Amino acid sequence: MLTTSRPLPATTAMTGRITGHTSNRSFSLPRIKVAASSLLNRNDNRFTELRQQNLQRAACRLPEHVLRHIFELCASTTVGSPDSELSLASPRGRSGGIGSGTSTWSWVMITYVCHTWRQTALNFPELWRFVDFSHLRWSGITLSRSKMQSLCIHAVVGRHNLQQLHRTLQFAHQIESVRLDSSLHHIHGLLDTLVHPNPSLESITVRVNTAGHGVEGQVYPLPACPLVGPDLPAMQYLELHSAPFYLISERFISLKELHVYDLTTCERPTLHQFLSTLSKYTHLEHLTLENAFPLSTNSVPFPGAQPLSCSPSTSPFHSPSTSPPSAPSVKPCSPFRETHVTLPHLSTLSLTGTIPEITMILDSLTLPDDVSITCTITSLADWQQSVPKLAQTLNIHSWASATAGYAMETLVLSGIEEDAYPPAMRGVVYGGAHTVTPLTAKGVRIRGFNSQSSTTPFFDLAIGPDADPDFSSDEVMVHTLTAIWKALPLANVHTLVLHDFDIVTQKTWTQFLKNLPSLRVLDVTGHAPSGFVWALLLNADACIQREERERERREKREKKKLASLRGRSASPNMEGASPPLSPLPPTSPLTPAPSSSRMLFAPKLTDIYLHGVDCSSGGYMVAQGAPINSHWDLDDSRFLDVLLACLQMRSQAHWMLGTSPRSASTPLFSVSSRSGSPVLQPMFASTSKLRSLSLANCKAVPRHAAHLLKEFVAHCVWDHRGMLNEAEDNGLARYRKVGSDLTSGNRSPGAVDVHGYGKEGVRHYYRLKTLLDELEC
């Protein structure tokens, strides 16, 4: 190894590094730049040749405006990202010295690619407003080149840049946006500066990671400086994650977006404080509260905090050891006494929390008619007491929107199923995952669309799933869904989409379908909703039976009247006299009208679409003495067979209610047996058919049932996928694995053998066959 005590020329030092020799001189970037310049000056021809080759590359021949757009996108998306996402491996062939190990990539490196890129970046002043605080070198370069541009301070706060961030936030001439990602330990040094931000600031985003820190006590002490000051009209966007609530200042009079996430209980304000602050944001357009709701009580939740005071000399979060500034621009705050806050420009409201918390916010806000409401219920522990209150609150908002012309036209119901516990906890909770099937936590999502919001729902409510399976059972889901359903105006709904929604049986669907008089399109994906089809089937059967009974009563009245007229005409005293008219029987106001007594559910239903549905799946029924919609009673009638019978009965009911009744001797159905399953043979030429029915990518479709659908559907489309062969068609319904209710040792892939439930005592029978046998009798 060559060593020397004399200073070597710059070219010699650089050549030695290239050839593998080292020097005892320290690394000096200016010296290397001088050596590189000297080397390039001695090889002008070679340098010119390399530049010409570089200019011929497509990346260097892009237009300047395209390069500027790429550079700005690169800077805005990478600045402030964690170092783990921007780490670079050491160059190949270098195992030690400078360049070894991993380094952090910065967007500033694009200026070292070539001469064209460097000149484009240096001549683009707006690019240098994205200050890079990942390394002291990059922050110095970007700050020096930003000059008079509005800065964007996006950084991951750490020990290496905390002091520089604090100095920049305090002394920068103009800051446009601040986005900080910090731990709880490092954020304390910046809170005093964020309380009084730059007057030109437009956006603040603070994400605090509280993992590993105790949050039982007071997390953030009150700031040393008072919170009062002049208004900040430039501020429009505020997003806080586990940050102190006092960053939500009343000085942001032009705030348009407020997003608050994960406030601990000791940091949450009272409802009075929250409404007082929210009343200042008259221009607010978007509001998000996720586990960051105020306390319903007005008591101070943690020691050392001061109660709300709106005197000119104090602040809601003013420290008693400091005195407020005596600036003349500070406006005195009048006492806030209202219990409702009006947000006239609010367009989206997103709430995630418990049912009482969501209800409290909805009760405290007066919302515009066209506001989009998104609610996610995370806990159902007190659903029996709180669900009626939530339904009443939603009823007020939804009916006000419907009255103003924003009625719901498309309704989407989705079922949610998740594991109740993580895989690592199953053996602890259930006593061994290899012996017992893990429980399944269930949830329901309701989405409503109208003509003004065809792509995004203006109403979105997710119920669960709760972490505790006891509060995610079918009983809880159905009761909660029923309460919410009754609160919504559904008279104008013409499209119903059911996605993996099979927990509701016909008993509950009967109550739902009474509120859907305008339903025209049914779209089913995923799990087959047998309860919905059974509700339509039994309703059509009831209409037919009522029509038959009314026909029989009419015939008896006509015969009785005819016999009376014949008797009077045979009397000698009544010869030549016209029979007197019998008075009409009095009508009681409690007696329903004939049309309502024979009401057919969804009379305008014309189109049904089935996508990815298991057509041979069975349904669930209500068991006497068992929880509502429990998977205890099973129906061996397959979904497509029930749908076929439903369409046939509805077609007959339409004909009977719209024209003269048929003859009593004409049979409604004929039942034959094929492969052990009931088959409906059409014996009556219907005059009222379904307009269209589509079967796309469905599973286990019985051939005979699919062909018989054409008798009652004007346009039936089937892609012939999932067809059951005659050998596979045993006529038995199949069941999927749902929680621990259906436990059997004999399961086929994707299905459950119905004959394997003898030990569990599950009852099942051919419900459709029983119904058809009763009609035959």
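Residues numbered from 1 in each chain as written. Predicted model: local features only at pLDDT ≥ 70, side-chain atom pairs only at ≥ 80, totals over all residues. Heavy atoms only, no water.

Re the nonpolar core
- If you look at the biggest cluster of nonpolar residues, it comprises 146 residues, and the most contacted ones within it are L258, L496, W509 and L695.
- The biggest single contributor to this core is helix α18 (residues 639–658), with twelve residues.
- Discounting residues that sit within four places of it in the chain, W509 has contacts with L413, W485, L496, L498, F501, V504, G531, F532 and A535.
- Of all hydrophobic cores here, the second largest spans 19 residues; its members include L67, I110, F130 and W138. (Core = buried A, V, L, I, M, F, W, Y, C linked by side-chain atoms within 4.5 Å. Buried < 20%, exposed > 50% of the residue type's maximum accessible area, 1.4 Å probe, protein only. Helix = DSSP H or I, 4+ residues; strand = E, 2+ residues; numbered from the N terminus. Contact = heavy atoms within 4.5 Å.)

Quick notes on the confidence of the model for the protein chain
- When the pLDDT values of the protein chain are averaged, the result is 75; 71% of them are 70 or greater.
- This model gives residues 581–597 a pLDDT under 50, and the stretch forms two contacts once residues within four places in sequence are excluded. (pLDDT = per-residue confidence, 0-100.)

Here we look at the pattern of salt bridges
- By the definition in use, this model includes 16 salt bridges.
- The residue E64 makes a salt bridge to R68 at a minimum N-O spacing of 3.1 Å. Remark: R68 and E64 occur in helix α4 (residues 64–78); sequence separation between them is four residues, near one turn of the helix.
- For E64, a relative accessible area of 40% translates into the label partly exposed.
- Its salt-bridge partner being E547, residue R554 comes within 3.8 Å of it at the nearest N-O pair.
- Here the residues in one salt-bridge network are E72, R129 and E176, joined through shared partners. (Salt bridge = Lys/Arg side-chain N within 4 Å of Asp/Glu carboxyl O.)

Concerning the packing of helix α12 (residues 383–403) against helix α14 (residues 474–487)
- At a closest axis distance of 7 Å, the pairing of α12 and α14 adopts a crossing angle of 25 degrees. Classified by the angle between their axes, α12 and α14 sit roughly parallel to one another. For α12 against α14, the interelement crossing comes out right-handed. Counting all contacts with α12, which are made through W383, V387, L390, A391, L394, N395, S398 and W399, the residues of α14 involved are V476, H479, T480, A483, I484, K486 and A487. (Axes fitted to C-alpha atoms, helices over the stretch in contact; angles between N-to-C directions. Parallel < 35°, antiparallel > 145°, perpendicular 65-115°, else oblique. Left-handed = near helix turned anticlockwise from the far one by under 90°.)

Description of the packing of aromatic side chains
- For the structure shown, the criterion picks out seven aromatic pairs.
- Judged by centre distance (5.4 Å) and plane angle (65 degrees), the ring pair of F71 and W117 falls under edge-to-face. Of the two residues, F71 is situated in helix α4 and W117 in helix α6 (residues 115–122); the sequence distance between them amounts to 46 residues.
- The buried category is assigned to W117, whose relative accessible area is 19%.
- What links up through ring pairs into an aromatic cluster is the set W485, F501, W509, F512 and F532.
- Sitting over the ring of W534, R767 keeps its end group 4.5 Å from the ring centre. (Phe/Tyr/Trp six-rings, centres within 6.5 Å; stacked < 30°, edge-to-face > 60°. Lys NZ or Arg CZ within 6 Å of the ring centre and 35° of its normal.)

Section: the pairing of strand β24 (residues 690–696)
- In terms of burial, β24 is a largely internal element, five of the seven residues being buried.
- The pairing of strand β19 (residues 607–611) with β24 spans five bridges and is classified as parallel. Residue Y609 lies in a different strand from β24, and its bridge partner there is S694.
- With five bridges joining them, β24 and strand β26 (residues 713–718) adopt parallel strand pairing. Looking at β26, one finds that L695 is bridged to W718. (Pairing = 2+ DSSP bridges.)

A word on a positive patch on the surface
- Taken together, the side chains of R549, R553, K556 and R557 define a basic patch exposed on the protein surface.
- Inspection of the secondary structure assignment puts R549 in helix α16 (residues 530–570). (Patch = residues over 30% accessible without salt bridge, like charges linked within 9 Å, V, L, I, M, F, W, Y side chains within 5 Å. Areas by Shrake-Rupley, 256 points an atom, 1.4 Å probe, with all protein chains shown as cover. Lys, Arg positive; Asp, Glu negative; His and termini not counted. Charge placed at Lys NZ, Arg CZ, Asp CG, Glu CD.)

Quick word on helix α8 (residues 162–171)
- Residues Q164, L165, T168 and L169 constitute the buried set of α8. End-on view of α8: buried residues confined to an arc of 130 degrees, all on one side of the axis. Seen from the buried face of α8, the exposed residues on the opposite side, beyond 90 degrees, are Q163 and F171.
- The inward-facing, buried residues of α8 abut α7 (136–146), β4 (151–156), β5 (175–183) and α9 (184–195). (Arc of directions from axis to C-beta.)

Some points on the environment of M599
- For M599, the location among the structural elements is in the loop between α17 (594–597) and β19.
- Residue classification places M599 among the partly exposed residues on the basis of a relative accessible area of 35%.
- Beyond its immediate stretch of four places on either side in the chain, M599 contacts K514, N539, C543 and R546.

Concerning α9
- An ideal rise of 1.5 Å per residue puts 16 Å on twelve residues; α9 measures up with 16 Å between its terminal C-alpha atoms.
- L184, H186, I187, L190, L191, T193, L194 and V195 are the residues of α9 that are buried.
- Check the buried side of α9 and you find it contacts α8, β5 and β6 (203–209). (Expected span 1.5 Å × (residues − 1).)

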